[in-house]
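Structure at a glance
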Amino acid sequence: MPEVLSLSALGLVLSLFLGLLRVLLAPTAGDRMLASQLIGTAGVGLLLSLSPLLDQPALIDVALLLALLAAVAAAAFTGQQEDSND
Amino acid sequence: MIDVLSSLLILAGLFFYLAGSIGLLRLPDLYSRLHALTKADNLGLGLLIAGLALQAQDLLIAFKLLLIWLAILAASATNAHLIARQARRLESGS
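Quick caveat, the model's predicted, so the values are computed rather than measured.

What about the overall build of chain A?
The number of helices and strands found in chain A is 3 helices and 0 strands. Mapped from its N terminus to its C terminus, chain A presents α and β elements in the order α-α-α. Relative to a compact globule of 86 residues, whose C-alpha radius of gyration would be 12 Å, chain A shows 15 Å and is clearly more extended. With the C-alpha coordinates of chain A rotated into their principal frame, the extents come out at 55 × 25 × 10 Å.

Take a look at the structure:
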C-alpha cells in the first residue's frame, strides 16, 4: 500500500510539473488560468495521498482549504478581466 | 481485497490526472483543453478519493474526503464555465 501511495504522489508531482510548463508556454490568459486550476487540483491530490503515507491527518484539512481557495481563484480572474475590458 | 481495490482506484485516478495534464499541453484549442482538464479534475480526483476513502481509519475522514471532492466538483464546473464564456466573449467581441 505505501508503494501505491508513493507512486501516486510521484505521478501527481509530474502532473504539477506539466501544469507549470503549461503556465510557462500558455498562448492565452485563459490557458494560464486552466493550468493554475490543474495545479490546484493536483496539489489537493498530492496532499491527500501524502496524508496516510506520513501519518498526518491534518494534511486532509490543508487539502480542504486548498480546494475551497481553488473555487475563488478563477472567479476572481474572470471578474478582473471583465473590469479591464470595459 | 480492499487493499487491491483501493490500489486499483488510486492508479486509475492517477492515469486520469496524467492524461488530463498531457491533454492540457497537447490539444489544439482552448475548448478541447477545457475538456481535458475537466477529466483530470472530476474523474482523476474522484477515483483517487474513492481509493483513499476505502482505507480511511474512521468515517469522519472518509466524509471529509467526500467533502473535498464535492468542493472541487463545484469549483471546477464553475471555473470551466466562466473561462469558456470569457474566451467566447473575447473571440466575438474584438
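Picking up after the structure, the text goes on.
Structural notes on the confidence of the model for chain B
Atomic detail in the predicted coordinates should be set aside for any region of low pLDDT. All names here are of chain B. Per-residue pLDDT for chain B averages 88, and the proportion of residues at 70 or more is 99%. Least confident of the elements in chain B is helix α3 (residues 59-93), whose mean pLDDT is 88; most confident is helix α1 (residues 2-26), at 91. What the predictor reports for the complex is a pTM of 0.88 with an ipTM of 0.87.

Observations regarding unusual backbone geometry
Glycine aside, the phi torsion of most residues is negative, and most peptide linkages are trans. All names here are of chain A. Located in the positive-phi region is Asp 55, a residue other than glycine, with phi close to 60 degrees. Mapping Asp 55 onto the fold places it in the loop between α2 (29-54) and α3 (58-85). With 8 C-beta atoms packed within 10 Å, Asp 55 lands in the exposed category.

Some thoughts on the interface of chain B and chain A
Contacts between the two partners involve 39 residues from chain B, matched on the other side by 38 residues from chain A. For the side of chain B that touches chain A, the elements supplying multiple residues, two or more each, are α1, α2 (30-54) and α3 of chain B. Of all the elements, α3(B) adds the most residues to the side of chain B that touches chain A, at 16 residues. Classifying every residue of the side of chain B that touches chain A by side-chain character gives 27 nonpolar, 8 polar and 4 charged.

Side note on the nonpolar core
One finds Leu48(A), Ile68(B) and Ile72(B) to be the most contacted residues of the largest nonpolar core, which totals 45 residues. Elements with a contribution of two residues or more to this core: α1 (2-24), α2 and α3 of chain A together with α1, α2 and α3 of chain B. A total of 11 residues in this core trace back to one element, the largest contributor, which is α2(A). Leaving out residues up to four positions away in the same chain, Leu48(A) has contacts with Ile60(A), Ala63(A), Leu48(B), Ile49(B), Leu52(B) and Leu65(B).

Concerning the environment of Leu14(A)
All names here are of chain A. Looking at where Leu 14 falls in the secondary structure, it is placed in helix α1. Classification of Leu 14 by C-beta neighbours within 10 Å gives partly exposed; the count is 15. Remark: the alpha-carbon pair of Leu 14 and Ala 42, spanning 28 residues in sequence, is separated by 9.3 Å.

Rules used throughout
Residues numbered from 1 in each chain as written. Chains lettered and ligands numbered in written order. Predicted model: local features only at pLDDT ≥ 70, side-chain atom pairs only at ≥ 80, totals over all residues. Helix = DSSP H or I, 4+ residues; strand = E, 2+ residues; numbered from the N terminus. Rg over C-alpha atoms; globule rule 2.2 N^0.38 Å. pLDDT = per-residue confidence, 0-100. Buried ≥ 20, exposed ≤ 12 C-beta atoms within 10 Å, placed from the backbone. Contact = placed C-beta atoms within 7 Å. Nonpolar A, V, L, I, M, F, W, Y, C, P; charged D, E, K, R; others polar. Core = buried A, V, L, I, M, F, W, Y, C linked by C-beta atoms within 7 Å.

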